[in-house]
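Observations on chain architecture
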Amino acid sequence: MTKRFIKVTEDFVCEKCGKHVEGDGYTNHCPECLWSKHVDNNPGDRACGCQGLMLPSLESVKGDKYTLKHACQTCGHTKLNKASENDSKKAIIDLSHSD
Ligand SMILES: [Zn+2]
Ligand SMILES: [Zn+2]
């Protein structure tokens, strides 16, 4: 049994901006400020005990598809995430200007 992706629908409150985020099972970052939290070893498993806040940056843009990179502020782990339809375009654009 190596089911690596477990779909978990859960709501969470963003620890960065305080927004209440309604989980859709895929959301792993805040759509307002794009910060994430280091909770998974494999996507969705919530098996990581780190719990560090993860700083978003813009990794790449292809057309209207954005890839975010999240860097854990606690352990330094980085991971790539696709931006979702619900993510704030303004926040994404702001990231692209912050380099
Ligand atoms: Zn937020
Ligand atoms: Zn971490």
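The text that follows walks through the structure, step by step, so that each part is easy to find. (Residues numbered from 1 in each chain as written. Chains lettered and ligands numbered in written order. Predicted model: local features only at pLDDT ≥ 70, side-chain atom pairs only at ≥ 80, totals over all residues. Heavy atoms only, no water.)

**Here we look at the sheet that holds strand S3 (residues 36-37)**
Quick reminder of the rule: Paired strands, as defined in this entry, are two strands with at least two bridges between them according to DSSP. The secondary structure listing takes helices from DSSP runs of H or I that are at least 4 residues long and strands from runs of E that are at least 2 residues long, numbered from the N terminus.
The four strands are arranged S3-S4-S5-S6 in an open sheet whose pairing can be described as antiparallel. Every other strand in the sheet has two partners, leaving S3 and strand S6 (78-82) as the edge strands with one partner each. Pairing analysis gives five bridges linking strand S5 (residues 65-72) to S6, with the strands arranged antiparallel. Each residue of the ladder has a partner; that of Thr-67, found in S6, is Lys-82.

**What about the environment of Asn-86?**
Let me state the cut-off plainly: Residues count as neighbours in contact if any of their non-hydrogen atoms are within 4.5 Å of one another.
Note that Asn-86 resides in the loop between S6 and helix H1 (89-97). Asn-86 sits 55 residues away from Pro-31 along the chain, and the two C-alpha atoms are 6.1 Å apart. The residues touching Asn-86, leaving out its near neighbours within four places in the chain, are Asp-24 and Pro-31.

**Comments concerning the coordination of the zinc ion (ligand 1)**
The cut-off we apply is this: A donor here means any N, O or S atom no more than 2.8 Å from the metal (3.2 Å for Na, K and Ca); water is not included, so a site may seem to lack partners. Here the metal geometry follows the donor angles, with tetrahedral for four donors whose angles all fall between 85 and 135 degrees, square planar for four and octahedral for six when opposite donors are more than 155 degrees apart and every other angle is between 65 and 115, and irregular for all the rest. For every residue, the accessible area (1.4 Å probe, protein chains only) is compared with the maximum for its type, and the residue is labelled buried under 20%, exposed over 50%, or partly exposed between those bounds.
Around the zinc ion (ligand 1), the protein supplies Cys-14 (SG), Cys-17 (SG), Cys-30 (SG) and Cys-33 (SG) as donor atoms, at distances of 2.2 to 2.3 Å. Around the zinc ion (ligand 1) sit four donor atoms; with metal-centred angles ranging over 104 to 116°, the donor geometry is tetrahedral. In the primary sequence, the donor residues of the zinc ion (ligand 1) line up as C-x2-C-x12-C-x2-C. Taken together, the positions of Cys-17 in the loop between strand S1 (12-13) and strand S2 (20-21) and Cys-33 in the loop between S2 and S3 put the pair 16 residues apart, joining distant regions of the chain. Exposure remark for Cys-17: the relative accessible area of 42% places this residue in the partly exposed category. Overall, the relative accessible area of 19% leaves Cys-33 in the buried class.

**Some words on the nonpolar core**
Quick note on the threshold: Put simply, a nonpolar core is a bunch of buried Ala, Val, Leu, Ile, Met, Phe, Trp, Tyr and Cys residues held in one set by side-chain atoms that sit within 4.5 Å of each other.
Counting seven residues, the largest nonpolar core is built from Leu-34, Leu-58, Tyr-66, Leu-68, Ala-91, Ile-92 and Leu-95. When residues of this core are assigned to their parent elements, the largest contribution, three residues, is made by H1. Aside from chain neighbours lying at most four places away, what touches Leu-58 is Tyr-66, Thr-67, Leu-68, Ile-92, Leu-95 and Ser-96. Judged by nonpolar contacts, the second largest core, of five residues, contains Val-21, Cys-30, Cys-33 and Trp-35.

**Some remarks on the coordination of the zinc ion (ligand 2)**
Within the protein, His-38 (ND1), Cys-50 (SG), Cys-72 (SG) and Cys-75 (SG) serve as the donor atoms for the zinc ion (ligand 2), at 1.9 to 2.4 Å. Classification of the site at the zinc ion (ligand 2) rests on its four donor atoms, whose angles at the metal span 105 to 120°, yielding the label tetrahedral. Ordering the donors of the zinc ion (ligand 2) by residue number gives the pattern H-x11-C-x21-C-x2-C. Of the two residues, Cys-50 is situated in the loop between S3 and strand S4 (53-62) and Cys-72 in strand S5; the sequence distance between them amounts to 22 residues. The partly exposed category is assigned to Cys-50, whose relative accessible area is 24%.

**Some words on the pairing of S4**
As paired strands, S3 and S4 are joined by two bridges and run antiparallel to one another. Its bridge partner being in S4, Ser-36 is matched across the sheet by Met-54. Both S4 and S5 contribute to a ladder of eight bridges, which runs antiparallel. Note on S5: the bridge partner recorded for Lys-62 is Lys-65.

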